Every structure is written in structure tokens, then in C-alpha cells.
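Breakdown of the fold
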Amino acid sequence: MEQKIFYIKTFGCQMNERDSEIMAQSLSGYGYVEGMDVNEADLVILNTCSIRAKAEQKVLSLLGYLRKTKLSRPTMKICVAGCVAQQEGARLLARMPHVDLVIGTQNIYNLGPLLESVDKEGSRVVTDLRDDYDIPQFLPKLPQRKSGHSGKDRNLQSPSTFQFSKFVTIMQGCNNYCTYCVVPYTRGREMSRKAKDILEEVKTLVEAGVREVTLLGQNVNSYGRTNAVAGDGEPYSFSDLLKEVSNIDGLARLRFTTSNPKDLTDDLVRSFRDVKNLCPQFHLPVQSGSDRILGRMNRKYTAAEYLEKVKKLHEYIPDIALTTDIIVGFPGESDDDFQQTMNLLEAVRFHGSFSFKYSDRPGTRASLFDDKVDEGVKSERLAVFQKRQDEISLLRNSEYVGLVKSVLIEECSDNGAKGRTDTNHIVHFPDCAGHVAGDIVDVRIVHAGQHSLRGEIDNKH
Ligand code: SAH
Ligand code: SF4
Ligand code: F3S
């Protein structure tokens, strides 16, 4: 079979990253190898995101560029996958006739056969969404990398190309219908993967040398709630899954994302204390500090309830690092509502946050609200929030100076080394002091910046 080159560009969240891996791996069975230059590719895949208008515009402008590329190389195929593909479907093909395949979020496992059918029949749009979607088992194939300490093993492959931390999707879709959000429309109904499939995938990763795994879902707290996930159909919760995954031999670190605060149970809070390997780091998106706005967002918790959960988390795990997502300028947000978001930021003092200006998304309820906030006001509020968050992040990071933190080394080179603390902070250090990427070492923190730390490996500790 003649070898063809594919190029894949991924936008959006970690779930899209994992989906891109799946598409890339499945293409190898159809005579493709991955290339790094879009201008040389026989097949270009854009795995797209639709969460805000800006994300979608990026995709459309890249497609505009590819229209010209294709004029000079007509054999090049263009495939649009991900959330924009799901949302726009046939409309996308009508606007962009140079696209060959529009493939929905639940159809990626069929990419190879669909490309073959494009060869025979021309452009296609395949965006079926099923309510009873059964997520196929697709085991990752990684190059072997033993994390042992023998010198020979270490040189088997370049450590810089090996990812010691991987994402594992545990559920897809979302049933929450927050009024601003497209995800329930682009990813379909909430569906959990079978526990045994997830355990098998994590084992496969760990056997290949992966040290850290992040379990992915739009709302992991509701894992196992909408469909049976245990073999015998018995109730099985996210905390049960965490316990089982953490017991996999050789898994050093476990994380998960994302959780809706409304579903954060005491049981899950206790997991941070009781489940070995579960890192003391938690992304808990609050979106707003105003109860009126939270109500209009359909988030189903109040600011006081959120703060109560934060208090409980701190009681069980005093050193937990909390991060969040914030939307400013949601329709109807007044100066006072925004001030309540700032008050919540002061009350929690998040280690970090992702903050966004509200953006209208097609099909969502909020896009129909008529009290939209002026763009200029949104920009001002975003700047105020981000300035204060940056100050708080620096103060929070400064609390680590002088402490010894456990760090998973990601990169070791003559120019310096880099890793991540259990609290998910990036740490730079001058050298690996006899260790290699993939090792977990003690690092004494000597300096804190807004977005990263600096330290030195502490072999004596
Ligand atoms: N499932 C996750 C969120 C996934 S989307 C959860 O519920 O926490 C990631 C973030 O994008 C959201 O937390 C929200 O802050 C932001 N976001 C989603 N829709 C948006 C919109 N229409 N405008 C601006 N930000 C949005
Ligand atoms: Fe979107 Fe809300 Fe679902 Fe998160 S919980 S994906 S914000 S609808
Ligand atoms: Fe974007 Fe879809 Fe993820 S909209 S954030 S790629 S679920």
C-alpha cells in the first residue's frame, strides 16, 4: 500500500486531544503516517472546538487558507471533525465545498472506512448522534518505555518524545444544559464508559511507562449515573472508579477533570484524602459569584454552597490547589453581580483560573436572552478579574518557596529541566541530578512566578 501523510490539528479541550490520538492511531491501519507540515499532507484533519465564537472563527479562517492550498494540490483531502463539525454538519460543507468529510463527535471510530467512501463517492457529512451511544474500546498503542533505573532502558528511546502523562476519557456528552453551553448539543447525551474498559486502557498506558493519568468527562461526578458501567449492573460511582484506577500497579499519579460543583459529593471530597495517588489538585468551575447569574446559567448551586464545598475540601486536604473557570459578562450581569464574582475570588483565592467573556453560541438558551452585556464592559471586567487573579496566583505560588515538592520530570536536557508538582504547577530546574524524564523526584522550590515555579532537585530529602 502506498504511504500517505496526514496532518492533524487539534483545537479545544483535552477530550479533543484524546479523540485526535484515536483518529491518528486508526489511520495507521489505512496506510497513513503522521506529518508535521500541513503543506505536505495528503489528508488534513481539523479537530475543532465550538465552545466560544472565537474558537469557531479560528477553524473557519484555517479552512479559508486550506481552500487556497487545495487549489494548488487538488488531491489533498480535508476532514473537519469535533464540535464545529457536529454543530454545523451540512451547513459547513455548503459554506466550504472544498471540505471532503465532516465527521461528528461520535463517528470518529469510523474515520478510515468513511475516508474510503469519500474516495469512491465524493464529499460526505456524517454527524449522527445516538442517545444510547456505546463508546467503543480503543486501546492506545504507545512505544514501550520502561521507567526502571537501568541505564540501558533509559536510552531505548528519546524521553522527550514520550508523554508520561495521558488523558483517558471516562464519559462523553453532558445532560446539564447550562444555558450558555454548546457541549450538550455537540457531544450528545451523557454516556459513561464501562469501568472494565477504562481499567484496561489505564493498565495499557501504565505498562508502556505512563506515570500519570487524567480521567476526562464534562461532569465526572455523574459517572455511572445514566447507564450501567459495572459488569453485573450494580451501582458504581465515580469514587468507586477512582479507587480501582488508583490501585493499578505502577500508576504514580491520578487526576480528573471536570466537575460540576452541584454534583460534588462528600464521598468524592473524601476521595482526595483516601485514594492513594489522587493528586491534591482540583479544577472546580464556578462560572460566577452571583446567585442571580448562577440561576440564569442553570448551574443549580449558589455561591454560598460553592464556598461550603471549598471549606470542606480544605478541611480534608489543607494543601489542595484549587482552580476554576469564570465567565464574565453573562447576559444581565450587572456591576454588582460582577463584584460578587470578585468577592468569591477573594474568598477562595484560587491558585489559577481560566476566565472568558461570555460568547453567544447557536442553539443555547442564553443566546436568546435579550439583556446582552456590551463588549467593552465585558473586556473591562475580564481585565479586572485577570489582573487580580494574576496577583493571587503569584501569592499562592510564593507559599511554595522553601518547601520540597514531589515533581514528575517531563523534560531533561542540557539546557535545563521541567516537571510538574502534584498540585499541577510547572517547575523549572537547572538539571536532573542523575534522574531521567518520567522519574518522580523531590524538588526544593526556590522561586515563584505567576505561572510557574523554579527549584532544585533535593536528592537528600
Ligand atoms: N464541563 C465543564 C466545562 C466545559 S467548557 C464544566 O461544566 O465545568 C469549559 C469552560 O468554557 C466552561 O467552564 C466555561 O467557563 C467556558 N464556556 C463555556 N461556554 C461558554 C460561552 N458560551 N461563553 C464563554 N465561555 C464559555
Ligand atoms: Fe457545558 Fe454545563 Fe455540561 Fe459543563 S456541565 S459541559 S458547562 S452544559
Ligand atoms: Fe470545545 Fe467541544 Fe471540548 S466545544 S471544549 S472541543 S467538548
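The structure under discussion appears in the preceding block.
Please read these numbers as outputs of a predicted model, since none were measured by experiment.

How each quantity is defined
- The residue numbers shown here count from 1 along each chain, following its written sequence.
- Working convention: letters from A go to chains and numbers from 1 go to ligands, in the order in which they are written.
- Whole-chain, interface and lining totals are the exception, using all residues; otherwise, since this is a predicted model, local features are given only for residues with pLDDT of at least 70 and side-chain atom pairs are given and counted only at 80 or more.
- To obtain the side-chain values, all non-hydrogen atoms of the structure were used and water was disregarded.
- DSSP bridges decide pairing: two strands pair if at least two such bridges lie between them.
- Elements are defined by DSSP. Helices are runs of H or I of four residues or more, strands are runs of E of two residues or more, and each kind is numbered from the N terminus.
- Interaxial angle, 0 to 180 degrees, is taken between N-to-C directions of lines fitted to C-alpha atoms, where a helix line uses only the stretch in contact.
- Contacts are residue-level and defined by heavy atoms, with any inter-residue pair within 4.5 Å sufficient.
- When an angle is under 35 degrees it counts as roughly parallel; over 145 it counts as roughly antiparallel; between 65 and 115 it counts as roughly perpendicular; any other value is oblique.
- What makes a crossing left-handed is the near helix being turned counterclockwise from the far one by less than a right angle; a clockwise turn instead makes it right-handed.
- We call Asp, Glu, Lys and Arg charged. Ala, Val, Leu, Ile, Met, Phe, Trp, Tyr, Cys and Pro are nonpolar, and the rest, Gly among them, are polar.
- Proximity criterion: a residue is near a molecule or strand once any of its heavy atoms comes within 4 Å of it.
- Residues adjacent in sequence count toward polar contacts only when both atoms are side-chain atoms; beyond that, a polar contact is any pair of N or O atoms within 3.5 Å, and within protein one must be able to donate a hydrogen and the other to accept it.
- In this text, buried Ala, Val, Leu, Ile, Met, Phe, Trp, Tyr and Cys residues form a nonpolar core when linked through side-chain atoms within 4.5 Å.
- Three exposure classes are used, based on accessible area relative to the maximum for each residue type with a 1.4 Å probe and protein chains only: buried under 20%, partly exposed in between, and exposed over 50%.

What follows concerns the sheet that holds strand β1 (residues 4-10). Pairing is parallel in the open sheet, where six strands are placed in the order β2-β1-β3-β4-β5-β6. Strand pairing shows two members of the sheet lacking a second neighbour, β2 (32-34) and β6 (124-126), which therefore form its edges. Neighbouring strand axes in the sheet, compared pairwise and without regard to direction, differ in orientation by 20 degrees on average. Two strands pair when backbone bridges link them, and β1 and β2 are joined in this way by three bridges, in the parallel orientation. Counterpart to isoleucine 5 in the pairing with β2 is valine 33. Relative to strand β3 (residues 43-48), helix α1 (residues 14-27) is tilted by about 155 degrees, and along the sheet it contacts β1, β2, β3 and β4 (77-81). Contacts between helix α2 (residues 53-72) and the sheet are confined to β1, β3 and β4, with β3 contributing the most and set at about 170 degrees to the helix.

What follows is about the environment of leucine 92. Along the chain, the position of leucine 92 falls in helix α4 (residues 90-95). In this structure, the C-alpha to C-alpha distance between leucine 92 and valine 102, residues 10 residues apart in sequence, is 7.8 Å. Setting aside residues up to four positions removed in sequence, leucine 92 forms contacts with Leu60, Leu63, Val80 and Val102.

The next point concerns the packing of helix α10 (residues 266-274) against helix α12 (residues 303-316). Viewed as axis vectors pointing N to C, α10 and α12 meet at an angle of 30 degrees, and their least axial separation amounts to 9 Å. When the axis of α10 is compared with that of α12, the two are roughly parallel. Of the two possible hands of crossing, α10 and α12 adopt the one that is right-handed. Listed contacts from α12 to Asp266, Val269, Arg270, Phe272 and Arg273 of α10 are Lys312, Leu313 and Tyr316. Partitioned by chemical class, the residues of the contact of α10 with α12 number four nonpolar, no polar and four charged.

What follows deals with the site of ligand 1. Taken together, the neighbourhood of ligand 1 is formed by 15 residues, with Tyr180, Gln218, Gln287, Asp325 and Ser359 sitting nearest. Separating a nitrogen atom of ligand 1 from a backbone N or O atom of tyrosine 180 is a distance of 3.0 Å. In this structure, an oxygen atom belonging to ligand 1 sits 2.7 Å away from a side-chain N or O atom of glutamine 287. The set of elements that each furnish at least two residues to the shell around ligand 1 consists of β13 (321-328) and β14 (352-357).

As a further point, take the nonpolar core. Counting residues in hydrophobic clusters, the biggest one holds 83 residues, and the most contacted among them are Leu215, Tyr223, Phe238, Leu241, Phe256 and Leu313. Looking at this core element by element, the count peaks at six residues for helix α8 (residues 195-207). Not counting residues up to four positions away in its chain, the partners in contact with tyrosine 223 are Ile170, Met171, Ser192, Arg193, Lys194, Ala195, Ile198, Val229, Tyr236, Ser237, Phe238 and Leu241. Counting 22 residues, the second largest nonpolar core, distinct from the first, contains Phe11, Leu63, Met76 and Leu92.

What follows is about the sheet that holds strand β18 (residues 440-448). A barrel is described by the order of its strands in space; here five strands give the closed sequence β15-β16-β17-β19-β18, paired in mixed fashion. If you compare each strand with its neighbour and ignore which way they point, the axes differ by 50 degrees on average. Bridge count between strand β16 (residues 416-421) and strand β17 (residues 426-429): four bridges; the pairing is antiparallel. Bridge pairing in β17 links alanine 417 to phenylalanine 429.

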